[in-house]
Amino acid sequence: MRTRRRLTSIGRCQGRELWLAPSILAADMTALGAQVRTALAAGATWIQADIMDGHFVPNLSFGPLIVEALRPLSDGLLDCHLMISQPERYIDAFADAGADLITIHVEATPHVHRALQAIKARGLLAGVALNPHTPLSMIEEIAQDLDLLLIMTVNPGFGGQRFIAHSLDKIRRARQLLDARGLQHVVLQVDGGIEPDNVRAVAEAGATCFVAGSSVFGAPEGIAAAVDAFRRALAAT
Ligand code: DX5
């Protein structure tokens, strides 16, 4: 993936490089900087901020200020997952705050193509996300414009949910769709209920980036050990 950021892979599967993307929704907000530094030091250099507006999803999280706060901590990749309605309204705010990648939901605006153009016009990587009920056909006309495709494996809004099992089939079909179009460079990201016990199956289905909140920042064994557990789980693929 074209990025000026220093990214550390968490493994490889079927010739594809893999990345772990801890999501800060599950972090201890009173120690966010220290926890993100620990994740970065453990080799998880792709950090995701779950942005929620209480309208597109039934939860309210944080905005550009959190990206501004995290930016100085990392020369890794800051990924903003906008779970907000009409996300085009906030592209400049997140770009100005230091985001490297912005993902919008296809369900959140009638102007997806225009929003992707606006993200790329700011020099950022552009992604789209599909909720569990949303068919892959929704991205057929914009697949070639993507740097990243996010398949939600839970209903967005909250961390700590269980992986929706039939997502594996959707991930396989998304992989087939991208490969059939020669779009192997597009990152296939998954988000929701990802943990060391299921990440290998998700990688073998074709995903290349794994958003993990509870299983990293909420791991009883600690953040560094959790990142290492993902690395070990993927080493066998
Ligand atoms: C849901 C969020 C979560 C989060 C990951 O809207 O996007 O999926 O990032 O949470 P865990 O890893 O705890 O399922």
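Going by the structure above, here's the rest.
The text that follows walks through the structure, step by step, so that each part is easy to find.

**Examining the site of the ligand**
Logical step 1: The local shell around the ligand holds 17 residues, among which Asp 50, Gly 157, Asp 191, Gly 213 and Ser 214 are the closest.
Logical step 2: In this structure, Ser 23 approaches the ligand through a side-chain N or O atom, which is 3.0 Å from an oxygen atom.
Logical step 3: For the ligand, an oxygen atom lies 2.7 Å from a polar atom in the backbone of Gly 213.
Logical step 4: Considering the ligand on its own, with 370 Å² of exposed area, one finds that the protein chains cover 99% of that surface.
Logical step 5: Looking at the shell around the ligand, the elements with two or more residues in it are strand E3 (46–52) and strand E9 (209–212).

**Quick look at the environment of Ile 142**
Logical step 1: Within the secondary structure, Ile 142 is located in the loop between strand E6 (125–130) and strand E7 (148–152).
Logical step 2: As a C-alpha pair, Ile 142 and Leu 124 span 18 residues in sequence and 17 Å in three-dimensional space.
Logical step 3: Residues contacting Ile 142, with those up to four places away along its chain left out, are Val 112, His 113, Leu 116 and Val 128.

**A few points about the pairing of strand E4 (residues 77–83)**
Logical step 1: Taken across its seven residues, E4 has seven buried, putting it largely inside the fold.
Logical step 2: Judged by which residues are buried, E4 turns out to be covered on both faces: Leu 77, Asp 79, His 81 and Met 83 on one side and Leu 78, Cys 80 and Leu 82 on the other are all buried.
Logical step 3: Note: E3 against E4, seven bridges, orientation parallel. When the sheet's bridge partners are listed, Ala 49 is paired in E4 with Cys 80.
Logical step 4: In this fold, the crossover linking E3 to E4 by way of helix H2 (residues 64–70) has right-handed handedness.
Logical step 5: Alignment of E4 against strand E5 (residues 101–105), held across four bridges, turns out to be parallel. Each residue of the ladder has a partner; that of His 81, found in E5, is Thr 103.
Logical step 6: In the classification by handedness, the crossover that spans E4, the intervening helix H3 (residues 91–97) and the parallel E5 is right-handed.

**Quick word on the pairing of strand E8 (residues 187–191)**
Logical step 1: Among the five residues that make up E8, five are buried, leaving the element largely enclosed by the rest of the structure.
Logical step 2: Burial along E8 is two-sided: the residues Val 187, Gln 189 and Asp 191 and Leu 188 and Val 190 are all buried.
Logical step 3: As defined by bridge partners, E7 adjoins E8 across five bridges and the pair is classed as parallel. Residue Met 152 lies in a different strand from E8, and its bridge partner there is Asp 191.
Logical step 4: Remark: the E7/helix H5 (residues 167–180)/E8 crossover connection has right-handed handedness.
Logical step 5: Pairing of E8 with E9, which is carried by three bridges, proceeds in the parallel orientation. By the bridge assignment for E9, Val 190 is matched with Phe 210.

**Brief notes about the nonpolar core**
Logical step 1: Counting residues in hydrophobic clusters, the biggest one holds 71 residues, and the most contacted among them are Ile 24, Ile 102, Val 128, Leu 149, Ile 171 and Phe 210.
Logical step 2: Once you skip the residues sitting within four places of it in the chain, Ile 24 turns out to touch Met 29, Leu 32, Val 36, Ile 47, Gln 48, Ala 49, Asp 50, Phe 62, Ile 66, Leu 70 and Phe 217.

**Focus: the sheet that holds E8**
Logical step 1: The strand order across the open sheet built from nine strands is E1-E2-E9-E8-E7-E6-E5-E4-E3, with neighbouring strands paired in mixed fashion. The open sheet is flanked by strand E1 (11–13) and E3, the only strands paired with a single partner. Within this sheet the neighbouring strands show an average axis-to-axis angle of 25 degrees, counted without direction.
Logical step 2: Two strands pair when backbone bridges link them, and E5 and E6 are joined in this way by five bridges, in the parallel orientation. The residue bridging His 105 from the neighbouring strand is Ala 129, located in E6.
Logical step 3: In the packing of helix H6 (residues 196–204) onto the sheet, the strands contacted are E1, strand E2 (16–22), E8 and E9, and the crossing angle to E9 comes to about 150 degrees.

**As for the packing of aromatic side chains**
How two aromatic rings sit relative to each other is set out by the distance from centre to centre and by the angle between their planes.
Logical step 1: Taken as a whole, this structure holds one aromatic pair when the rule is applied.
Logical step 2: Their ring planes at 45 degrees and their centres at 5.7 Å tell us that Trp 19 and Trp 46 sit as a pair that is tilted. Taken together, the residues span a long stretch of sequence, with Trp 19 in strand E2 and Trp 46 in strand E3 at a distance of 27 residues.
Logical step 3: What makes Trp 19 buried here is its relative accessible area of 8%.

Reading guide: rules and limits
- Residues numbered from 1 in each chain as written.
- Predicted model: local features only at pLDDT ≥ 70, side-chain atom pairs only at ≥ 80, totals over all residues.
- Heavy atoms only, no water.
- Near = heavy atom within 4 Å.
- Polar contact = N/O pair within 3.5 Å; in protein donor to acceptor, adjacent residues only side chain to side chain.
- Areas by Shrake-Rupley, 256 points an atom, 1.4 Å probe, with all protein chains shown as cover.
- Helix = DSSP H or I, 4+ residues; strand = E, 2+ residues; numbered from the N terminus.
- Contact = heavy atoms within 4.5 Å.
- Buried < 20%, exposed > 50% of the residue type's maximum accessible area, 1.4 Å probe, protein only.
- Pairing = 2+ DSSP bridges.
- Right-handed = clockwise from strand over helix to strand, strands pointing away.
- Core = buried A, V, L, I, M, F, W, Y, C linked by side-chain atoms within 4.5 Å.
- Axes fitted to C-alpha atoms, helices over the stretch in contact; angles between N-to-C directions.
- Phe/Tyr/Trp six-rings, centres within 6.5 Å; stacked < 30°, edge-to-face > 60°.

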